[in-house]
Amino acid sequence: MILPIDENGNIVFINQYRPSLQKWLLELPAGTLEANEPIEACAMRELEEETGFSAEELYPLGQVTPLAGFCDEIQHLFVAKKLTKTSRYQCDDDEVIEVLRISLAEVEQMIINGSISDAKSIACLSKAKLCGYI
């Protein structure tokens, strides 16, 4: 999971259609670690694939265990800064994604009013704020 912050302090979100829920979700970019892929390389790859941005700076925030009661998934959290727009923006065939830049104040209101409900995104934002990155 990557929390991309642009030069104006806006957060880059993706609005992604989730067929399992049959609705659109505002989320931070994230993806699946490939075999033998370093975690940081995965974060940079997913950032670029899902948003079309690369980052000069990547800060690790640790990890969260979202569903420890029934699976062994671990999510690694990062903050990405000094973003540069690239030409590499390629969603997977099963992804429908819109890229948005949203101010922190608006993001916080959207969490409060339920417009942002993705738990992993909320966890990453909270940890980044507690660590002083936003």
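Residues numbered from 1 in each chain as written. Predicted model: local features only at pLDDT ≥ 70, side-chain atom pairs only at ≥ 80, totals over all residues. Heavy atoms only, no water.

## Side note on the environment of Lys127
One can find Lys127 in helix H3 (residues 119-130). A sequence separation of 71 residues divides Lys127 from Glu56, and the C-alpha atoms of the two residues are 21 Å apart. Residues in contact with Lys127, not counting those within four places in the same chain, are Leu61, Gly62, Gln63 and Leu77. Here the side chain of Lys127 touches Leu61 through a polar contact of 2.7 Å, landing on its backbone oxygen. (Helix = DSSP H or I, 4+ residues; strand = E, 2+ residues; numbered from the N terminus. Contact = heavy atoms within 4.5 Å. Polar contact = N/O pair within 3.5 Å; in protein donor to acceptor, adjacent residues only side chain to side chain.)

## Some points on the sheet that holds strand E1 (residues 2-4)
Strand order in the open sheet formed by 3 strands is E1-E5-E4, and the pairing between neighbours is mixed. Strands at the two margins of the open sheet, each flanked by one partner only, are E1 and strand E4 (53-64). The mean inter-strand angle of the sheet, taken between neighbouring strand axes irrespective of direction, is 20°. Where E1 meets strand E5 (residues 75-85), 3 bridges bridge the pair, whose relative direction is parallel. Looking at E5, one finds that Pro4 is bridged to Ala80. On the sheet, helix H1 (residues 39-51) packs against E1, E4 and E5 and is oriented at approximately 125° with respect to E4. Where H3 meets the sheet, its contacts fall on E1, E4 and E5, and the angle it forms with E4 comes to roughly 95°. (Pairing = 2+ DSSP bridges. Axes fitted to C-alpha atoms, helices over the stretch in contact; angles between N-to-C directions.)

## What about the pairing of strand E2 (residues 11-18)?
Judged by how many residues are buried, E2 sits mostly within the fold: 6 of 8 residues are covered. The pairing of E2 with strand E6 (residues 97-102) spans 6 bridges and is classified as antiparallel. For Ile14, the partnering residue across the bridge sits in E6 and is Val99. Summarising the sheet, E2 and strand E3 (residues 23-27) pair through 5 bridges and their orientation is antiparallel. Considered in E3, the bridge of Tyr17 is made with Trp24. (Buried < 20%, exposed > 50% of the residue type's maximum accessible area, 1.4 Å probe, protein only.)

## Quick look at the confidence of the model for the chain
In this model, the chain carries an average pLDDT of 92, and 94% of its residues clear a pLDDT of 70 or more. Here E6 stands out as the element of the chain with the lowest mean pLDDT, 93, in contrast to E1, whose mean of 98 is the highest. (pLDDT = per-residue confidence, 0-100.)

## Digging into the state of the cysteines
By definition, a disulfide links the sulfur atoms of two cysteine residues through a covalent bond. Under the criterion given, the structure shown has 0 disulfides. Of the cysteine sulfurs around Cys42, a residue in no disulfide, the closest is that of Cys124, at 13 Å. Between Cys71, a free cysteine, and Cys42, which holds the nearest cysteine sulfur, the sulfur-to-sulfur gap is 16 Å. Exposure remark for Cys71: the relative accessible area of 27% places this residue in the partly exposed category. (Disulfide = S-S within 2.5 Å.)

## Looking at unusual backbone geometry
At Gln22, a position not held by glycine, the phi torsion is positive, near 55°. Among the structural elements, Gln22 can be located in the loop between E2 and E3. Positive phi, normally seen in glycine, also occurs at Lys82, with a value near 55°. Exposure remark for Lys82: the relative accessible area of 47% places this residue in the partly exposed category.

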